[in-house]
Amino acid sequence: MSTSRYRYLRPEVPELLRAGTLFRDGEKRSTRFSYADEMLVLGEQLDNVVMLNADVSKGMGTFTFGQRFPEREFNLGIAEQNTIAAAAGMAHAGLIPFVSTYAIFATLRGLDMIRNSVCYTHANVKIACSHAGITPAEDGATHQGQEDLTLMRAMPGMTVIAPADELTTRRAVQAAAEWQGPVYISMTKEPVPFLYDESYPFAIGRAVTIREGDDATIIANRDMVAQALLAAESAAAEGLDVRVIDCHTLKPLDEEAILVAARETGAIVTAEDNILVGGLGSAVAELLIEHGPVPMRRIGIDETFAQSGPYLDLLERYGLSAGHIVQAVREVVARKGDA
Amino acid sequence: MHTSPPVAADIRELETIAAQIRCDLVRMIHIARMGHPGGSLSAADLVTALYFQVMRIDPARPDWPERDRFILSKGHACPVWYAALIRRGYLGRECLDTLRCLDSLLQGHPDMVKTPGVEMTAGSLGHGLSAGLGMALAARVRGLNYRVWVMIGDGETQEGSIWEAAMAAPNLRLDNLTVILDRNRIQNDDLIDNIMPIEPLAAKWKSFGWHVMEIDGHEMAQVVDALEASREAEPQPVIIIANTVKGKGVSFMEDNPFWHGNAPDADQTAQALQEICAAAGLEVADVD
Ligand SMILES: Cc1ncc(C[n+]2csc(CCOP(=O)(O)OP(=O)(O)O)c2C)c(N)n1
């Protein structure tokens, strides 16, 4: 019985997974709005938290912080470089700034500022971005932040979190505020299903096994966790018992959870809505190649820019859907004997 | 010299085309259920004048080396560009229904690799002026006689890169570059004055070494005159500050930040088409 193998899921989710209707019938929300809501809670808790917007406060939902705490919200306009470097200054003067914009504009336009003014100086800046991966689907390639995880992972000292749903996004916001030093939170424009109940044990750097299984492990983050669950469910129908790990923190990586999964299940598939270069798949492969190689496949965006289109269609087109993950699971399981 | 003859005989005709383009872009955004109507409508008269009167172009030869180049640096307003390219014959009318669809020529933001007539990819604000500067310089290096027209948003001028280009173009004595600033006074979140004021605009650009003109961006005669006059402003680059209304032509969209990035529903679309046509003396049924 596969139901009992799930951990921390909301009660209705296993049934929706089985029926294949998670995206149609499940409750969904863009995690950017989960973030904006939790910032209102955080603003009450900590009076040194400030919000920096860059003219997408409606797209982020973070205009609400300005309504609630007008003296602690600054909309610096369409000027991401200035905004991020200003955040570094604020952090060094005792505040905890949260910069809110789209992944493309913070992690690419603002990258030099993130590297030299934020990370190199250990500034206590939190950068929270929506529109990661292909989740701004119809907006097209110019808006799809398909390399934010890669770039942020490359910054020494940056903690990188890519939460899968509403609950874990809210927990990530709280954890980021407690964490000393730069944190990047990667979020979705596209609404994603609510997955977890309150029992989910969120801690930065701790990957969470959300489905038990012995035949292979899928390690996923952000919006691909839902695809990983769907993939595990259909693999189960083929008699494959697949473990699923929500690796919400890309850095620091939970090496132990990954090594244990590799040892116990003997085959790994990573799944990320991000370019294959330098993201989750790279991080896991780098770990395993030195400490315990097993058959492995990486699901992600391979050397291309995507395009406009409905989110689920784009997942299919660019090889990110549950179907592609299942195929990869079959392949790694078949290779298990080879070594 | 290779120039395509002006396709619109007079101002009245240009106004009619602008109304048709407004109708097309509103429809397009409605069908896509997403897009940016406000900044598309504010730019409609300016884009119409460029494509149907001022620019030296040949839709049959989109890669003609001596063609004038237009860059929509505020790429989110691409429905107005697509509508003009369709009316001018670069793209088939069937494209109208495909904005933002999978495998469409019409991407959510302009894509020069996919779309004939699109001279530069845009969507991340603050690139287009620099790209235009590069194209203008290339004309000099290659001895070609074309002009580069770049449209930027007023909110977009908050990006630092705009001012890097603003500093460079006069220094390079680029006299084949005209910037059109769509001064519609609204950015994404709110009125520009409520977010990050940018005045005095004319004085800023003048101090950077630009020849500055200021016009009503919805008065077609003024628009055409200013665009034509910008060819003569040697040896400086020219910026035309076009005062416009965001959402122009659709009463409920005008001056309302909500319509920066929201699509009209069926009723709103019907009302919009009605209003645009009535103002231009057209029947909705004829604008198809
Ligand atoms: C670098 C960058 N930052 C943010 C955005 C998100 N964005 C899209 S349109 C827009 C407002 C643009 O305002 P304006 O230039 O005045 O355009 P218009 O009002 O003419 O539509 C913003 C902030 C973007 N596209 N690029």
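Residues numbered from 1 in each chain as written. Chains lettered and ligands numbered in written order. Predicted model: local features only at pLDDT ≥ 70, side-chain atom pairs only at ≥ 80, totals over all residues.

Asks: So what's going on with the overall build of chain A? Which residues, and what values?
Replies: Across its full length, chain A holds 15 helices and 14 strands. Its C-alpha radius of gyration of 19 Å places chain A within 12% of the 20 Å reference for a compact globule of 339 residues. Considering only C-alpha atoms, chain A reaches an extent of 60 × 40 × 35 Å along its principal axes. Looking at chain A as a whole, 60% of its 339 residues qualify as buried. Partitioning the intrachain contacts of chain A with sequence separation of at least 6 by distance along the chain shows that 79% fall at a separation of at least 24. (Helix = DSSP H or I, 4+ residues; strand = E, 2+ residues; numbered from the N terminus. Rg over C-alpha atoms; globule rule 2.2 N^0.38 Å. Buried ≥ 20, exposed ≤ 12 C-beta atoms within 10 Å, placed from the backbone. Contact = placed C-beta atoms within 7 Å.)

Asks: Break down the domain arrangement of chain A for me, citing the residues and quoting the values.
Replies: Note: interface size is frequently given as the accessible area lost on complex formation between the parts. Residues and elements named next belong to chain A. Taken domain by domain, chain A consists of domain 1 (3–27 + 198–338) and domain 2 (28–193). The C-alpha centroid of domain 2 is placed 25 Å from the C-alpha centroid of domain 1. It is strand 13 (residues 268–275) that contributes the most residues to the side of domain 1 that touches domain 2, 4 residues altogether. Partitioning the side of domain 1 that touches domain 2 into residue classes produces 20 nonpolar, 10 polar and 7 charged. (Domains from an automatic or database assignment. Nonpolar A, V, L, I, M, F, W, Y, C, P; charged D, E, K, R; others polar.)

Asks: Give me helix 8 (residues 111–119) of chain A: which residues, what numbers.
Replies: Residues and elements named next belong to chain A. Regarding helix 8, the residues found buried are Met113, Ile114, Ser117, Val118 and Cys119. Axial view of helix 8: buried residues confined to an arc of 155 degrees, hence all on one face. Against helix 6 (80–92), helix 7 (103–109) and strand 5 (126–130) lie the buried residues of helix 8. (Arc of directions from axis to C-beta.)

Asks: Pulling in residues and values, what's your account of the nonpolar core?
Replies: Residue and element names in this part refer to chain A. With 123 residues, the main nonpolar core has Ile218, Ala228, Ala231, Val269, Ile325 and Val329 as its most contacted residues. For this core, the element with the highest residue contribution is helix 11 (residues 224–237), accounting for 9 residues. Three or more residues apiece are contributed to this core by two domains, here domain 1 (3–27 + 198–338) and domain 2 (28–193). If near-sequence neighbours (up to four positions away) are discounted, Ala228 is found in contact with Ile218, Ala220, Val244, Ala271 and Ile325. (Core = buried A, V, L, I, M, F, W, Y, C linked by C-beta atoms within 7 Å.)

Asks: So, the site of the ligand: which residues are in play, and what are the values?
Replies: In the vicinity of the ligand lie 27 residues, with Gly39(B), Leu125(B), Gly153(B), Gly155(B) and Glu156(B) positioned nearest. Nearby residues around the ligand are contributed by chains A and B. Mapped by element, the contributors of at least two residues to the shell around the ligand are helix 7 of chain A together with helix 2 (37–42) of chain B. A per-element tally of the shell around the ligand places helix 2 of chain B first, with 3 residues. For the shell around the ligand, the class distribution of residues is 6 nonpolar, 14 polar and 7 charged. (Near = placed C-beta within 6 Å.)

Asks: Go over the interface of chain A and chain B, please, and point to the residues and values.
Replies: Taken together, the 25 residues of chain A in the interface contact 24 residues of chain B. When contributions to the side of chain A that touches chain B are tallied by element, the ones reaching two or more residues are helix 4 (57–60), helix 6, helix 7 and helix 14 (311–317) of chain A. Tallied by class, residues from the side of chain A that touches chain B come to 8 nonpolar, 11 polar and 6 charged.

Asks: Describe helix 10 (residues 166–178) of chain A, naming the residues involved and giving the relevant values.
Replies: Because an α-helix completes one turn every 3.6 residues, residues spaced three or four positions apart along the sequence face the same direction. Residue and element names in this part refer to chain A. Over its 13 residues, helix 10 extends 19 Å from the first C-alpha to the last, a length consistent with the 18 Å expected when each residue adds 1.5 Å. With 10 of its 13 residues buried, helix 10 lies for the most part within the structure. Every buried residue belonging to helix 10 is among Glu166, Leu167, Thr168, Thr169, Arg170, Arg171, Ala172, Val173, Ala175 and Ala176, and all of these are buried. Tucked into the core, helix 10 has its buried residues touching strand 1 (28–29), helix 3 (31–45), strand 5, strand 6 (159–161) and strand 7 (183–186). (Expected span 1.5 Å × (residues − 1).)

Asks: Break down the packing of helix 11 of chain A against helix 15 (residues 322–334) of chain A for me, citing the residues and quoting the values.
Replies: All names here are of chain A. At a minimum axis distance of 8 Å, the contact between helix 11 and helix 15 shows a crossing angle of 55 degrees. One way to sum up the angle between helix 11 and helix 15 is to call them oblique. Of the two elements, helix 11 crosses helix 15, and the hand of that crossing is right-handed. Of helix 15, the residues touching helix 11 (which contributes Gln227, Ala228, Leu230, Ala231, Ser234 and Ala235) are Ala322, Ile325, Val326 and Val329. Of the residues belonging to the contact of helix 11 with helix 15, the class tally is 8 nonpolar, 2 polar and no charged. (Axes fitted to C-alpha atoms, helices over the stretch in contact; angles between N-to-C directions. Parallel < 35°, antiparallel > 145°, perpendicular 65-115°, else oblique. Left-handed = near helix turned anticlockwise from the far one by under 90°.)

Asks: Can you tell me about the sheet that holds strand 11 (residues 242–246) of chain A, naming the residues and giving the values?
Replies: Residues and elements named next belong to chain A. Taken in spatial order, the 5 strands of this open sheet run 9-11-10-13-14, and their pairing is mixed. The open sheet has two edge strands, strand 9 (208–211) and strand 14 (296–301), and neither has a second partner. The mean angle between the axes of side-by-side strands here comes to 25 degrees, regardless of whether they run parallel or antiparallel. Taken together, the 4 bridges between strand 10 (residues 216–220) and strand 13 define a ladder with parallel strand orientation. (Pairing = 2+ DSSP bridges.)

Asks: Tell me about the pairing of strand 10 of chain A, residues and numbers included.
Replies: All names here are of chain A. Of all 5 residues that make up strand 10, 5 are buried, and the element is covered over most of its length. Of the two faces of strand 10, the one holding Ala216, Ile218 and Ala220 and the one holding Thr217 and Ile219 are both buried throughout. Strand direction decides the pairing type here: strand 10 and strand 11, joined by 5 bridges, are parallel. Note that in strand 11 the partner of Ile219 across the bridge is Ile245. With helix 11 bridging strand 10 and the parallel strand 11, this β-α-β connection has right-handed handedness. (Right-handed = clockwise from strand over helix to strand, strands pointing away.)

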